[in-house]
Amino acid sequence: SAGAKSGLFQYTFPVDPVLNPVVMVNVTHHLHSFGRPWWTQDFKSGYIKVSKDLKSYRGKVVVAGGWSDPGSWTVSFHGTFDTPAKSIRAFYGSKSYDGLRINFAKSKNKNMGVLFEFENGTKVIKSHVGVSFNKGSGVEIAAQNILDDYPEARRFDLDWSVRNVVTKWHDEVFSKVDLDLKLED
């Protein structure tokens, strides 16, 4: 579900006595258009930094290209989980680094990000991610966007989020459309 400038994700994992749940945050992921390569976005650079308590992360990505070819733009992000991770592994290309809390990339041909591993037996993990297109203080604005979109008591409440979005769409979009059913086929 989503607010104006943030999204709420719920991950559900099967309980496995051997495997721990893992959430991947791939900072370099961008849109490809295989049939129309001139529409493809290009990753230029970016970073991700994980908090000491392994419960949140933040960073920036610079992307260029795409169907409208707007040049380069910056997307800042701030994410937080409802429970801290047990451990993290930063990855760059095919290599990974246990416990590394900051990761940078300047190559469009390498994947880069962080794997968050959670305690065995964890079945549901919720994550809230705010975004901003502000080049300067975008990371701080992305964090504030979570607070602006969701009251503290509802920060990880998926049911509330869905109800809130449906209400906003009704109030701000659908209620403005007036159909005369007598004129319809």
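Note that the coordinates shown come from a computational prediction; the quantities given were computed from them, not determined experimentally.

Visitor: Any chance you could break down the nonpolar core for me, citing the residues and the numbers?
Guide: Ile48, Tyr57 and Phe116 are the most contacted members of the largest nonpolar core, which totals 22 residues. Among all residues touching Ile48, those that are not within four sequence positions of it are Val25, Val27, Tyr57, Arg58, Gly59, Phe77, Arg101, Ile102, Asn103, Met112, Gly113 and Val114.

Visitor: Can you explain the packing of aromatic side chains? Please cite residues and give values.
Guide: This structure, assessed with the given rule, holds nine aromatic pairs. Between the aromatic rings of Tyr57 and Phe77, the centroid separation amounts to 6.2 Å while the plane-to-plane angle is 55 degrees, which identifies the pairing as tilted. Placement of the pair is Tyr57 in strand 4 (residues 56–65) and Phe77 in strand 5 (residues 72–81), with a sequence separation of 20 residues. The exposure classification of Tyr57 matches that of Phe77, with both residues buried.

Visitor: Provide a residue-level description of the pairing of strand 2 (residues 22–26), including the pertinent values.
Guide: Alternating positions in strand 2 separate cleanly, Val23 and Val25 being buried on one face and Val22, Met24 and Asn26 remaining unburied on the opposite face. Where strand 2 and strand 9 (residues 112–117) come together, five bridges link them in antiparallel fashion. Residue pairing for strand 9: Val23 is matched across the bridge by Phe116.

Visitor: Help me get a handle on helix 2 (residues 158–172), residues and values and all.
Guide: Residues spaced three or four apart along an α-helix point in a common direction, a consequence of the helix completing one turn every 3.6 residues. An ideal rise of 1.5 Å per residue puts 21 Å on 15 residues; helix 2 measures up with 21 Å between its terminal C-alpha atoms. Sitting at the amino-terminal end of helix 2 is Asp157, which places a side-chain oxygen 3.2 Å from the backbone nitrogen of Asp159.

Visitor: Describe the sheet that holds strand 6 (residues 87–92), naming the residues involved and giving the relevant values.
Guide: Pairing between the strands of a sheet comes from backbone hydrogen bonds, and it takes one of two forms, parallel or antiparallel. A sheet is described by the order of its strands in space; here four strands give the open sequence 2-9-6-7, paired in antiparallel fashion. The open sheet has two free edges, formed respectively by strand 2 and strand 7 (95–98), since each of these has just one partner strand. When the angles between neighbouring strand axes are averaged without regard to direction, this sheet yields 20 degrees. Sheet topology places strand 6 next to strand 7; four bridges connect them, and they run antiparallel. The partner of Ala90 across the bridge, within strand 7, is Tyr97.

Visitor: Explain the confidence of the model for the chain to me, and be specific about the residues and the numbers.
Guide: Here the chain averages 88 in pLDDT, and 92% of its residues register 70 or above. Per-residue pLDDT, averaged within each element of the chain, yields its smallest value for strand 8 (residues 102–105) (84) and its largest for strand 10 (residues 124–132) (96).

What counts as what
- Position labels on residues start from 1 in each chain and follow its written sequence.
- In view of the model being predicted, local features appear only for residues whose pLDDT reaches at least 70, and side-chain atom pairs are presented and counted only at 80 or more, with totals across whole chains, interfaces and linings using the full set of residues.
- Side-chain calculation: all heavy atoms of the structure are included, whereas hydrogens and water are not.
- As used here, the term nonpolar core means buried Ala, Val, Leu, Ile, Met, Phe, Trp, Tyr and Cys residues forming a set that is joined through side-chain atoms within 4.5 Å.
- The rule is simple: take the accessible area with a 1.4 Å probe, protein chains only, and divide by the maximum for that residue type; under 20% is buried, over 50% is exposed, in between is partly exposed.
- We call two residues in contact whenever any of their non-hydrogen atoms come within 4.5 Å of each other.
- Aromatic pairing here means that ring centres of Phe, Tyr or Trp (its six-membered ring) are within 6.5 Å. Orientation follows from the plane angle: under 30 degrees is stacked, over 60 is edge-to-face, and everything else is tilted.
- The secondary structure listing takes helices from DSSP runs of H or I that are at least 4 residues long and strands from runs of E that are at least 2 residues long, numbered from the N terminus.
- Strand pairing is assigned whenever DSSP identifies at least 2 bridges connecting the two strands.
- Expected helix span is given by 1.5 Å per residue-to-residue step, counting one fewer step than there are residues.
- Identification of polar contacts relies on pairs of N or O atoms within 3.5 Å, with a donor-acceptor requirement for protein atoms, meaning one able to donate a hydrogen and the other able to accept it, and with residues adjacent in sequence counted only if both atoms are side-chain atoms.
- Axis definition: a line fitted to C-alpha atoms, over the contacting stretch in the case of helices. Angles run 0 to 180 degrees between N-to-C directions.
- Values of pLDDT, ranging from 0 to 100, describe the predictor's confidence in every residue of the model.

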